[in-house]
Amino acid sequence: GGGASVMVGRLTPIEVRPREWFVAFRPRGDVWWLRWLAAGRFDHVSAFGRVGSVWVFVEAGLWKHEVRVVPDVAADRLMAPIVEGAMVVSFKPPMRRPRRVRPLMICTTVIAHLVGSKSGALRPDRLLADLLAEGATRVLDVDTVQETDCAGAERRRASVAGTEPE
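Please read these numbers as outputs of a predicted model, since none were measured by experiment.

Student: An account of the overall build of the protein is needed here, citing residue identities and associated values.
Tutor: Looking only at helices and strands, the protein has five helices and eight strands in total. Reading the protein from its N terminus to its C terminus gives the helix and strand order β-β-β-α-β-β-β-α-β-α-α-β-α. Looking at the protein as a whole, 40% of its 166 residues qualify as buried. Accessible area of the protein: about 9800 Å², with a carbon and sulfur share of 57%.

Student: Give a description of helix 3 (residues 107-115) that names residues and reports values.
Tutor: Counting buried positions along helix 3 gives seven out of nine residues, so the element sits mostly inside the fold. Listed as buried for helix 3 are Cys107, Thr108, Thr109, Val110, Ile111, Ala112 and Val115. Residues of helix 3 that are buried in the fold lie against strand 3 (21-26), strand 4 (44-51), strand 5 (54-60), strand 6 (65-71), strand 7 (87-91) and helix 4 (124-133). Following helix 3 by one or two positions, Gly116 has its phi on the positive side, about 90 degrees.

Student: Now, about the pattern of salt bridges: what can you tell me, with residues and values included?
Tutor: A side chain with one charge may pair with a side chain of the opposite charge, provided their charged atoms come close. Counted according to the given criterion, the structure contains seven salt bridges. Linking Glu66 and Lys64 is a salt bridge whose minimum nitrogen-to-oxygen distance equals 3.0 Å. The class of Glu66 is partly exposed, set by a relative accessible area of 25%. Note that Arg138 and Asp141 form a salt bridge whose closest N and O atoms lie 3.3 Å from each other. A relative accessible area of 47% places Arg138 in the partly exposed class. Assessed through its relative accessible area of 13%, Asp141 is described here as buried. One continuous salt-bridge network, built from bridges that share partners, spans Arg41, Arg138 and Asp141.

Student: Which residues make up the environment of Phe91, and what values do they have?
Tutor: With respect to the helices and strands, the residue Phe91 is situated in strand 7. Residues Phe91 and Thr137, 46 residues apart in the sequence, show an inter-C-alpha distance of 6.8 Å. Once you skip the residues sitting within four places of it in the chain, Phe91 turns out to touch Glu20, Trp21, Val115, Gly116, Ser117, Leu131, Glu134 and Ala136.

Student: Any chance you could break down the nonpolar core for me, citing the residues and the numbers?
Tutor: The tendency in soluble globular proteins is for nonpolar side chains to be buried as a group. If you look at the biggest cluster of nonpolar residues, it comprises 21 residues, and the most contacted ones within it are Val23, Phe25, Ile111, Val115, Leu127 and Leu131. Among the elements of the structure, strand 3, strand 4, strand 5, strand 7, helix 3 and helix 4 are those that each provide at least two residues to this core. Here this core takes four residues from helix 3, the largest share from any one element. Among residues more than four places away in sequence, those in contact with Leu127 are Phe25, Val45, Thr108, Ile111, Ala112, Ser117, Ser119 and Ala121. Core analysis: the next-biggest nonpolar cluster, separate from the first, contains 15 residues, Ala24, Leu78, Val83 and Val88 among them.

Student: Break down the side chain of His44 for me, citing the residues and quoting the values.
Tutor: The topology assignment puts His44 in strand 4. There is a polar contact of 2.8 Å between the side chain of His44 and the side chain of Glu59.

Criteria and cut-off values
Residues numbered from 1 in each chain as written. Predicted model: local features only at pLDDT ≥ 70, side-chain atom pairs only at ≥ 80, totals over all residues. Heavy atoms only, no water. Helix = DSSP H or I, 4+ residues; strand = E, 2+ residues; numbered from the N terminus. Buried < 20%, exposed > 50% of the residue type's maximum accessible area, 1.4 Å probe, protein only. Areas by Shrake-Rupley, 256 points an atom, 1.4 Å probe, with all protein chains shown as cover. Contact = heavy atoms within 4.5 Å. Salt bridge = Lys/Arg side-chain N within 4 Å of Asp/Glu carboxyl O. Core = buried A, V, L, I, M, F, W, Y, C linked by side-chain atoms within 4.5 Å. Polar contact = N/O pair within 3.5 Å; in protein donor to acceptor, adjacent residues only side chain to side chain.

See the structure below:
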């Protein structure tokens, strides 16, 4: 199972969706009232995944959504601030993605829809619980990681990326 393919001109078909998403739950946010509204351990969620030799990063919020596609060699710069202080879970989309209307466009609903979750969660803590119930696995948990040096950050990035640190 995996992503759909698309033919681009005379190029070889490429995957257009990661086969595995990494969903990062962050306890810090920019907006005080949103932190209050989330009323849990986490107040923001984002996702990233690898497609061939590029990484796709998705940030969703009330005022804007960002999708960034970067080559493998540049992914660390985008990944580091996302995983720092976050809990990260790995989620493989089901073969048959659920059909669910999600009229509210906030980080939780956008990311749930993106990764193929059945969750209708409005709060990041609920989305985390739903993803774990749907088979996600913890990749990085801020409570179990105490490293703050560069080598520690590289080991964390390698564990998320599924590679060995250089």
